[in-house]
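These are the residues of each chain, in order.
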Amino acid sequence: MLTFTCPYCGVVAEESELTGGGEAHLKRFGPGSSDAEFEAYLFTRKNPKGVHFERWRHAYGCGKWFLAARDTNTLEVFGTYPAQTTEPPADLIAAIKNKRPGWEGWK
Amino acid sequence: MRRYSMFAVAREALRYHAGWERAWRSPEPKKRYDVVVVGAGGHGLATAYYLGKVHGITNVAVIEKGWLGGGNTGRNTTIIRSNYLQDASAAIFEKALQLYEGLSQDLNYNVMFSPRGLLMLAQSEHEMRGYKRTVYANALQGVQTEWISRERVKELVPIINLDGPRYPVLGALYQERGGTARHDAVAWGYARGCSAMGMDIIQQCEVTGIRTVNGKVQGIDTTKGAIDCGKLAMVVAGHSGVLAEMAGFRLPLESVALQAWVSEPIKPVIDVVVMANLVHCYISQSDKGELVLGGGIDHCNNFTQRGSWYTLEETTRALVETYPVVSRLKMLRQWGGIVDITGDHSPIISKAPVEGIFVDCGWGTGGFKAIPGSGWAMAELVAKGHSPLAEGFGLNRFREGRFIDESVAAGVAH
């Protein structure tokens, strides 16, 4: 079973306690942006077969949104971190690179 | 290709069935093909079949990384219906249903199409209104479907519990022509038809790269060597994004797991297909007597071909409440398929940003029923560069905001 540690309340939560929120670290494109940028922001997701950064909500717990790094091909969870950031923490990236030497990076 | 017939059965009966030939050849790839189709599932094989049959293009290879029909074609609950809400969807799914009706004869291969009738239960006021809207829309589109009362539901499905404590059954959307088919046979029948036209079906051959020159496709690199092609059709469902990345573009898709499972075989208890979109459970009974059960999609991206435990639990809960007889059954097998979901829950049949590449993907949770129609439209698009059936399903619809919104019409799963 997929489990995540909520970075806010510290509870180890099962998938049934959480709600998935899709790709993390999206940059918003709004008024003034090009059609291509706006389309990509709305619809074009990374959808990698491998390391993926995602939003999750501890819906049936503390209710907070947090972010997580997970492998979509093995369901291994590398770690979770608070949502108030525009990029993953450096130590998490280092840990993933250590486990997945061929990984091309988070961007 | 020797035709299957009663005479063939009689002939083989007299000589110990030693004369049956293999249904399709498994040749080594040639250096070049006019069209290479990636993905030997139902959609890919149907594309190749109609390319040959309707458009006379037979220098075609179908490349498959695993085994033929081993992806979502072999993993779904084989539901067939055409009563979709939007005009573009109703048109292509109705085309598919009409082709299914004559498919066994067309392919000379028994796909066991069984138009046993299909119900979609309405278990909330919203669902009831939604399905009635579908009935009116379908009437205008010329697609046969009807709204039936809860009493009629009980007549058609004696094992159903109409008065569940949470979600009582209020009625159903009923398509008498809907039903099921034997999923493997659909893939095998198309494969046999393709092979008979001289096409090469190459299994255990994974695409490792896509070669382009000046924005035009030249060929593909595979685990069995390089293959040149004039046109490339990508028909790989959940892995479409992986392939698109090799060609240097992205698709508006996310891949998630969708599960199904079957019970131990029992005597006939249900002779229609019943879907319940609110609680996410689908049920039908196979010819062997197994109850074929399905649920909703998981809530996160997944490439593992197995689903989440909680989805299984939720669907089982709904099943036991709706069909109490199920509570005493043992389950035999459970599996997952990787479905590719678009923003509007409608498929993509489109030219790709790279010249010569065409994509047929995004069928999400409802691809099996569409196989013949999807293949028909995709073949026309590849051969002629334009297909009326595929017109609404272009990639440009996301940029232009012309969605074919079936997520409201069909719920999460369809």
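Residue positions are counted from 1 within each chain, in the order its sequence is given. Labels are handed out in written order, letters beginning with A for the chains and numbers beginning with 1 for the ligands. pLDDT decides what is reported in this predicted model: residues at 70 or higher carry local features, side-chain atom pairs at 80 or more are listed and counted, and totals for whole chains, interfaces and linings draw on all residues regardless. Side-chain measures here rest on the full set of heavy atoms in the structure, leaving out hydrogens and waters.

Observations concerning the confidence of the model for chain B
Part 1 of the reasoning: This prediction gives chain B a mean pLDDT of 94; 98% of its residues lie at or above 70.
Part 2 of the reasoning: The complex model carries a pTM of 0.94, and its ipTM stands at 0.92. For every residue, the predictor assigns a confidence score, pLDDT, that lies between 0 and 100.

Focus: the sheet that holds strand S5 (residues 65–71) of chain A
All names here are of chain A.
Part 1 of the reasoning: Strand pairing is defined by DSSP finding a minimum of two bridges between the two strands. Secondary structure counts use DSSP, requiring at least four H or I residues in a row for a helix and at least two E residues in a row for a strand, with both numbered from the N terminus. If you walk across this open sheet you meet the four strands as S3-S4-S5-S6, and the pairing is antiparallel. Edge positions in the sheet fall to strand S3 (19–23) and strand S6 (77–82), since each of these pairs with one other strand and no more. Neighbouring strand axes in the sheet, compared pairwise and without regard to direction, differ in orientation by 30° on average.
Part 2 of the reasoning: Both S5 and S6 contribute to a ladder of five bridges, which runs antiparallel. Residue pairing across strands places Phe-66 opposite Pro-82, the latter belonging to S6.
Part 3 of the reasoning: Here helix H2 (residues 90–99) sits on the sheet and contacts strand S4 (51–57), S5 and S6; the angle it forms with S6, its principal contact strand, is near 170°. Axes here refer to lines fitted to C-alpha atoms; in helices the fit is confined to the stretch in contact. Angles between the N-to-C directions go from 0 to 180 degrees. Contacts: residue pairs with any heavy atoms within 4.5 Å of one another.

Considering the nonpolar core
In a soluble, globular protein the nonpolar side chains are often hidden away together inside.
Residues and elements named next belong to chain B.
Part 1 of the reasoning: Joining through side-chain atoms within 4.5 Å is the link that ties buried Ala, Val, Leu, Ile, Met, Phe, Trp, Tyr and Cys residues into a set, and such a set is a nonpolar core. Residue burial is assigned from relative accessible area. The probe radius is 1.4 Å, only protein chains are included, and a residue is buried under 20% of its type maximum, exposed over 50%, and partly exposed in between. Of all hydrophobic cores here, the largest spans 51 residues; its most connected members are Leu-45, Tyr-100, Tyr-190 and Ile-349.
Part 2 of the reasoning: Broken down by secondary-structure element, the contributors of at least two residues to this core are strand S1 (32–38), helix H2 (42–55), strand S2 (60–63), helix H3 (87–101), helix H4 (103–107), helix H7 (183–196) and helix H10 (371–384).
Part 3 of the reasoning: For Tyr-190, the contacting residues outside a window of four places in its chain are Leu-45, Ala-46, Tyr-49, Tyr-50, Leu-103, Leu-107, Ile-371 and Pro-372.

A few points about the pairing of strand S15 (residues 290–301) of chain B
Residues and elements named next belong to chain B.
Part 1 of the reasoning: With respect to burial, S15 is a largely interior element, eleven of its twelve residues being buried.
Part 2 of the reasoning: Here strand S12 (residues 253–265) runs beside S15; their pairing, made up of six bridges, is antiparallel. Bridge pairing links Ala-260 to Gly-294 in S15.
Part 3 of the reasoning: Summarising the sheet, strand S14 (residues 281–285) and S15 pair through four bridges and their orientation is antiparallel. Considered in S15, the bridge of Gln-285 is made with Leu-291.

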